[in-house]
Amino acid sequence: MHDTGPASRLCQQLAADAAQPASGEPWPPLAAAALASGALLLPVAAGWAFGPQRPAAFVWYATLRMPRWKPPDPVIPAAWTLIDCGLAVAAYRLLRAPGGPGLPQQQARHEALAWLALNVSLIGGWSAVFFGARHLPASLLVAAAMVGTGSAAVRAAARVDGVAARATLPFVGWVGFATALTAAIWWLNRRR
């Protein structure tokens, strides 16, 4: 996978932490904030690396037929910024949550963090597949996968912190919409 610098390393660290045996101790606030910021930084970096502001991607994107119900282009990055902020809040709260006295609570915390890290990685992966590779069927699969992994993140986070679970819900709703939008774009452009 393409290393996008510090943001990528932060998300990789989050995934590594989620796989570590649980200590039960919450992360210190500054460390949790630094790591949770990866939920903001990695998607931004992937957007800049693969997004429609690159000339070739811009020309390709501008030639695609779009469904009438597609939101205006400025709405999409604004929505993603809010969603990424929600994921960062969820990650911060999960990192700061005590692991609990028993192993099941600690495992739930680490499972929720792992799902969040996977979702943040998939956001960047979708940009790479849609804008970078310009592969509409594969980008549809990535979008659909995010509905499932996002739902798993909400379910796992709910066992640890209700606010973290609710902060992840907009991600699930948006990727559900994005899956339908990606499917429509693929269908409208399938003979290209």
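Look a little higher up for the structure.
Residues numbered from 1 in each chain as written. Predicted model: local features only at pLDDT ≥ 70, side-chain atom pairs only at ≥ 80, totals over all residues. Heavy atoms only, no water.

## A closer look at the overall build of the protein chain
Helix and strand counts for the protein chain stand at eight helices and zero strands. Within the span of the protein chain, comprising 192 residues, buried residues form 47% of the whole. For the protein chain, the proportion of contacts with a sequence separation of at least 24, taken over those separated by at least 6, is 80%. Counting every atom, the protein chain has about 9,400 Å² of accessible surface; 69% of that belongs to carbon and sulfur. (Helix = DSSP H or I, 4+ residues; strand = E, 2+ residues; numbered from the N terminus. Buried < 20%, exposed > 50% of the residue type's maximum accessible area, 1.4 Å probe, protein only. Contact = heavy atoms within 4.5 Å. Areas by Shrake-Rupley, 256 points an atom, 1.4 Å probe, with all protein chains shown as cover.)

## Digging into helix 8 (residues 162-188)
Working note: α-helix, 3.6 residues per turn, so residues spaced by three or four point in the same direction. The end-to-end C-alpha distance of helix 8 is 40 Å, a good match for the 39 Å that 27 residues give at a rise of 1.5 Å each. Where helix 8 begins, the capping side chain belongs to aspartate 161, and its oxygen is found 3.3 Å from the backbone nitrogen of valine 163. (Expected span 1.5 Å × (residues − 1). Polar contact = N/O pair within 3.5 Å; in protein donor to acceptor, adjacent residues only side chain to side chain.)

## Observations concerning the packing of aromatic side chains
One pass over the full model with this rule turns up nine aromatic pairs. Taken together, a centroid distance of 5.9 Å and an interplanar angle of 85° make the contact between tryptophan 126 and phenylalanine 131 edge-to-face. Each member of the pair tryptophan 126 and phenylalanine 131 is classed as buried. Here the aromatic rings of phenylalanine 130 and phenylalanine 131 are separated by 4.8 Å at their centres, their planes lie at 80°, and the arrangement is edge-to-face. Just as phenylalanine 130 is buried, phenylalanine 131 falls in that class too. One aromatic cluster in this structure is built from Trp60, Tyr61, Trp126, Phe130 and Phe131. Above the face of the tryptophan 187 ring, arginine 190 is positioned so that its terminal group lies 3.6 Å from the ring centre. (Phe/Tyr/Trp six-rings, centres within 6.5 Å; stacked < 30°, edge-to-face > 60°. Lys NZ or Arg CZ within 6 Å of the ring centre and 35° of its normal.)

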